[in-house]
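A look at the structure
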Amino acid sequence: MNYADAIARAERLLERALELGALRYGEFTLTSGAKSSYYFDGRLLTTDGESVDIISSLFLQVLEARNIHHFGGPAVAAVPIIGGITLMAHTNGYELKGYFVRSEQKQHGMGKQIEGHIASGDRVAIWDDTISTGGSLLDAVDAVSSLPADIDIALCILDRNQGGSEKLKVHAIPLFNILTSNSNGEVEIDTVALQRWFE
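Note that the structure is a prediction, hence the values are computed from the model and not measured.

So, on to the overall build of the protein. For the protein, the helix and strand inventory stands at 7 helices and 10 strands. For 199 residues, the compact-globule estimate of 2.2 N^0.38 gives 16 Å, and the C-alpha radius of gyration of the protein, at 16 Å, lies within 12% of that figure. Viewed in the frame of its principal axes, the protein has a C-alpha envelope of about 45 × 40 × 30 Å. Looking at the protein residue by residue over its 199 residues, the buried ones come to 50%. The contacts of the protein with a sequence gap of at least 6 include a subset with a gap of at least 24, amounting to 63%.

As C-alpha cells, then:
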C-alpha cells in the first residue's frame, strides 16, 4: 500500500466514523473531567466490519515493517479488533497473534492479567483505540514490559494530543495513528503520520 492508498483509506474511515456516530461534535465531558468539542467512540469502529478492514489493512503494513508478531492492548478496547486483524494477517500469510491486558490480575483460574500468546522476549505492538492522557495504555505497557517483552510500537485510531503520545516517547515507544485532533478541536487525518509510515 502506498501513501495515496493509505490516505484514501483514512478518508473513508473518517467518513465511516461520522456515518456510525463514532465521531460527534458538540460539548462533551471526558472521563478525565476535561471538556471537549467532540466525542470519539472507537469501539463503534472496531465493531464495524468495514472499519475493521480499513484499520487492520493500515496497521498490518506497519506491523510487518516492524517485524511484529503480537498485537493487543488494554481490555476492553483491544478485544473487538484482535479477531479481525489476526484473521486478515492469516489470510495474507502473515503470522500475528493477539492478546489483551486485563485491568487487574484474575483472582481465579490461572490468575492471568495478560490473555493471549506473548512469551518472554517477544516483539510486541500495543494498541488502544484512542490515546488521550495515555493512562490505560501505559498501564498495559507496564504489564507487558514485566513479562518481559519488547514493546516495539504503539498504534491507535485517534491521537487526541492530550499528552499520551508524549508519555510514549519517554518509554521510547513510537506511535502510529490514523487520525489526530487539530488546534481547532476537529478530528482530521494525520497526514504526517501516514506519510512517515507509507512513503
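The rest of the description comes next.
Scanning the entire structure with this criterion turns up 8 aromatic pairs. Ring geometry for F59 and W127: centres 5.5 Å apart, planes at 70 degrees, overall edge-to-face. Of this pair, F59 sits in helix α3 (residues 49–65) while W127 sits in strand β6 (residues 123–127), and the two are 68 residues apart along the sequence. Assigned by exposure class, F59 and W127 land together as buried. Feature note: the residues F59, F71, W127, F176, W197 and F198 constitute an aromatic cluster, connected by ring pairs.

The biggest cluster of nonpolar side chains holds 43 residues, and the ones touching the most others in it are F59, L63, F71, L155, F176, I178 and L179. No other element matches the 8 residues that α3 contributes to this core. Leave out the neighbours within four places in its chain, and I178 touches A10, L13, I55, L58, F59, C156, I157, I189 and D190. By size, the runner-up hydrophobic cluster in this structure holds 20 residues, among which are V101, L137, A149 and L175.

Using the criterion set out here, one finds 12 salt bridges in the structure. Among the salt bridges present, the one from D48 reaches R16, with a minimum N-O distance of 2.9 Å. Of the two residues, D48 is situated in the loop between α2 (43–46) and α3 and R16 in helix α1 (residues 3–20); the sequence distance between them amounts to 32 residues. A salt bridge links E115 to R102; the nearest nitrogen and oxygen atoms lie 3.1 Å apart. Placement of the pair is E115 in strand β5 (residues 114–116) and R102 in the loop between β4 (97–101) and β5, with a sequence separation of 13 residues. Judged by its relative accessible area of 17%, E115 is buried. Residue classification places R102 among the partly exposed residues on the basis of a relative accessible area of 27%. Each of R12, E15, R16, E19, D48 and E50 takes part in salt bridges that share partners, so that together they form one network.

Residues A75 and V76 are joined by a peptide bond in cis, for which omega reads 15 degrees. Mapped onto the elements, V76 comes out in the loop between β3 (70–74) and α4 (79–91). For N161, which is not glycine, the phi torsion reads 60 degrees and is therefore positive. Along the chain, N161 falls in the loop between β8 (150–159) and α6 (164–170).

With that out of the way, let us pick up the packing of α1 against α3. Between α1 and α3, the least distance of the axes is 10 Å, while the angle of their chain directions is 150 degrees. Viewed along their axes, α1 and α3 adopt a mutual orientation that is roughly antiparallel. When the axes of α1 and α3 are compared, the crossing they make is left-handed. Touching A6, R9, R12, L13, R16 and L20 of α1 are E50, S51, D53, I54, I55, S57 and L58, all from α3. Residues belonging to the contact of α1 with α3 are distributed by class as follows: 6 nonpolar, 2 polar and 5 charged.

Calculation notes
Sequence positions are assigned chain by chain, starting from 1 and proceeding in written order. Since the coordinates come from a predicted model, pLDDT governs what is reported: local features require at least 70, and pairs of side-chain atoms require 80 or more to be given and counted, while whole-chain, interface and lining totals use all residues. The basis for every side-chain value is the complete set of heavy atoms in the structure, and neither hydrogens nor water enter the calculation. Segments assigned H or I by DSSP are reported as helices when at least four residues long, segments assigned E as strands when at least two residues long, and all are numbered from the N terminus. Using C-alpha atoms as the atom set, the radius of gyration is obtained and then compared with a globule rule of 2.2 Å times the number of residues to the power 0.38. For each residue, the accessible area found with a 1.4 Å probe, counting protein chains only, is set against the maximum for its type, and the residue is called buried under 20%, exposed over 50%, and partly exposed in between. Contacts were defined at the residue level, with two residues in contact if any of their heavy atoms lie within 4.5 Å. Here a pair means two rings of Phe, Tyr or Trp (six-membered ring of Trp) with centres within 6.5 Å. Their orientation is stacked below 30 degrees between planes, edge-to-face above 60, and tilted elsewhere. Side-chain atoms within 4.5 Å are what join buried Ala, Val, Leu, Ile, Met, Phe, Trp, Tyr and Cys residues into a set we call a nonpolar core. By convention in these notes, a salt bridge is any Lys or Arg side-chain nitrogen within 4 Å of a carboxyl oxygen on Asp or Glu. Orientation is described by lines fitted to C-alpha atoms, with helices fitted over the stretch in contact, and by angles between N-to-C directions that extend from 0 to 180 degrees. Angles below 35 degrees are treated as roughly parallel, those above 145 as roughly antiparallel, those between 65 and 115 as roughly perpendicular, and all remaining angles as oblique. Should the near helix be turned counterclockwise from the far one by less than a right angle, the crossing is left-handed, whereas a clockwise turn marks it as right-handed. By the convention adopted, Pro, Cys, Tyr, Trp, Phe, Met, Ile, Leu, Val and Ala count as nonpolar, Lys, Arg, Asp and Glu as charged, and the other residues, Gly among them, as polar.

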